[in-house]
Amino acid sequence: MICLGIESTAHTFGIGIVDEKGKVLANVKDAYTTESGGIIPTEASDHHVNVCDVVLRNALEKAKISLADVDLITYSQSPGIGHTLRIGAFVARSLASQLRKPIVGVNHAIAHLEIGRLRTNAKDPILLYASGANTQVIAYHNKKYRVFGESLDIGVGNFLDSFARHIGLGFPGGPKIYELSLQSKKFIELPYVVKGMDVSFGGLLTHTKRKFDSGECSKEDLSFSIQETVFAMLVEVSERALAHTRKNELVLGGGVACNIRLREMCEKMCDDRGAQCYCPENEFLVDNGAMIAWLGVLKYQNQGGEKISDCVIKPYERTDDVEVTWYKD
Ligand code: ATP
Ligand code: FE2
């Protein structure tokens, strides 16, 4: 079976093609970016409309197949920006009806998790999902992926990107903050906000912007200290989730997990407690179509296809709203 998956929850329009064993035949994307400010929903959806046919053509070429070879269409149905989700759903519904092939909609956060399990062979992990809009610590329990902890305000990636924009680094900020952090070893004490299993970055963002504006601290020292502080917060709640659930695997997901310092800190914590730390390749950490295609395969094999008229978008669906039918307990 060949599944074509469409990602369009936010800035990225991606198409992935995978087979029923999880072999990735293509994973092509085009991302909308801005010079300043965040995503403007109408501009992002215009971007997706403009690039969708080229991305589709490139994905089919890369996979060396034609549309007629596709057996299943899947798309990111939730959560995300309504404007952009609608473009992916529209393309998916058009393809499914034109090709007369089954269609399923999937949850983007769970797709990050399942592609992590696929690429690393982790069996029953805790997932640290650290992306632009989302920061969650997730684990499977009794037919659901449960959220054990999360950000109470902005996602860790949005925090890094907002700070980077403020100090003139542009977008995306994560990689630039990492580069700057390598030029400093001076740790500046910053607010460390962990509340039970949850974290918060809003106050820290205001605090670090003020520290930079006052000229008190260099951007190198702030970049270093920000990473040490926010990643320690993420490691703390991930470790507590491992301890609480008695699981012994940690899988990283989301674009912020491309950060080498975050990986080092997670690996160290896992080593210290005899757990395994896994991280898929960068192309599967950031938003991508392959993860949507793979979750589509899992869902279809267990639940079958959906009526085209039921293939709506669910911008506010949460990770723990979804019934997980494919997990082997
Ligand atoms: P969501 O899953 O919440 O919809 P998203 O669409 O914003 O998230 P991702 O592509 O998973 O995004 O992650 C984007 C984040 O990853 C940005 O904050 C960006 O700065 C960060 N990022 C991307 N590449 C790297 C890298 N090489 N090093 C560090 N951070 C990175
Ligand atoms: Fe994502």
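Just above, that's the structure.
First, a word on scope: everything that follows refers to the structure included in this document. Source: prediction; values computed, not measured.

**Some details on the coordination of the iron ion (ligand 2)**
Here comes step 1: Looking at the iron ion (ligand 2), the protein donor atoms are His108 (NE2), His112 (NE2) and Asp287 (OD), and they sit 1.9 to 2.2 Å from it.
Here comes step 2: Because the angles between the four donor atoms bound to the iron ion (ligand 2) fall within 91 to 142°, the donor set is best described as irregular.

**A short note on helix 3 (residues 108-120)**
Here comes step 1: Here helix 3 contains 13 residues, and its C-alpha end-to-end distance of 19 Å stays within 8% of the 18 Å for a straight helix at 1.5 Å per residue.
Here comes step 2: Across the 13 residues of helix 3, eleven count as buried, placing the element largely inside the fold.
Here comes step 3: If you check which residues of helix 3 are buried, you get His108, Ala109, Ile110, Ala111, His112, Leu113, Glu114, Ile115, Gly116, Arg117 and Thr120.
Here comes step 4: With a side-chain oxygen positioned 2.9 Å from the backbone nitrogen of Ala109, the residue opening helix 3 is Asn107.

**Points about the site of ligand 1**
Here comes step 1: Neighbouring residues of ligand 1: 22 residues in total, closest Tyr129, Ser131, Asn134, Asp161 and Asp287.
Here comes step 2: Contact between ligand 1 and Ser131: an oxygen atom at 2.6 Å from a side-chain N or O atom of the residue.
Here comes step 3: One nitrogen or oxygen atom from the main chain of Gly132 is found 3.3 Å from an oxygen atom belonging to ligand 1.
Here comes step 4: Alone, ligand 1 offers 650 Å² of accessible surface; in the complex the protein occludes 87% of this.
Here comes step 5: When contributions to the shell around ligand 1 are tallied by element, the ones reaching two or more residues are helix 3, helix 4 (156-166) and helix 5 (173-181).
Here comes step 6: Per-element tally for the shell around ligand 1: the top contributor is helix 5, with three residues.
Here comes step 7: Partitioning the shell around ligand 1 into residue classes produces eight nonpolar, twelve polar and two charged.
Here comes step 8: Each of two domains, domain 1 (2-112 + 284-321) and domain 2 (124-282), supplies a minimum of three residues to the shell around ligand 1.

**Some thoughts on the pattern of salt bridges**
Here comes step 1: Tallying each qualifying case throughout the model produces 14 salt bridges.
Here comes step 2: Glu239 is the partner of Arg273 in a salt bridge, and the nearest nitrogen-oxygen pair spans 3.5 Å. Taken together, the residues span a long stretch of sequence, with Arg273 in the loop between helix 8 (260-272) and strand 12 (276-278) and Glu239 in helix 7 (residues 219-245) at a distance of 34 residues.
Here comes step 3: Arg273 gets classed as partly exposed once you look at its relative accessible area, which sits at 34%.
Here comes step 4: On the basis of relative accessibility, which here comes to 30%, the residue Glu239 falls in the partly exposed class.
Here comes step 5: Where Glu317 meets Lys314, a salt bridge forms, and the shortest distance between an N and an O atom there is 3.8 Å.
Here comes step 6: Classification of Glu317 by relative accessible area gives buried; the value is 16%.
Here comes step 7: Taken together, the shared-partner salt bridges connect Glu150, Arg318 and Asp320 into one network.

Criteria and thresholds
- Residues numbered from 1 in each chain as written.
- Chains lettered and ligands numbered in written order.
- Predicted model: local features only at pLDDT ≥ 70, side-chain atom pairs only at ≥ 80, totals over all residues.
- Heavy atoms only, no water.
- Donors = N, O, S within 2.8 Å, 3.2 Å for Na, K, Ca; no water.
- Tetrahedral: all angles 85-135°; square planar, octahedral: opposite > 155°, others 65-115°.
- Helix = DSSP H or I, 4+ residues; strand = E, 2+ residues; numbered from the N terminus.
- Expected span 1.5 Å × (residues − 1).
- Buried < 20%, exposed > 50% of the residue type's maximum accessible area, 1.4 Å probe, protein only.
- Polar contact = N/O pair within 3.5 Å; in protein donor to acceptor, adjacent residues only side chain to side chain.
- Near = heavy atom within 4 Å.
- Areas by Shrake-Rupley, 256 points an atom, 1.4 Å probe, with all protein chains shown as cover.
- Nonpolar A, V, L, I, M, F, W, Y, C, P; charged D, E, K, R; others polar.
- Domains from an automatic or database assignment.
- Salt bridge = Lys/Arg side-chain N within 4 Å of Asp/Glu carboxyl O.

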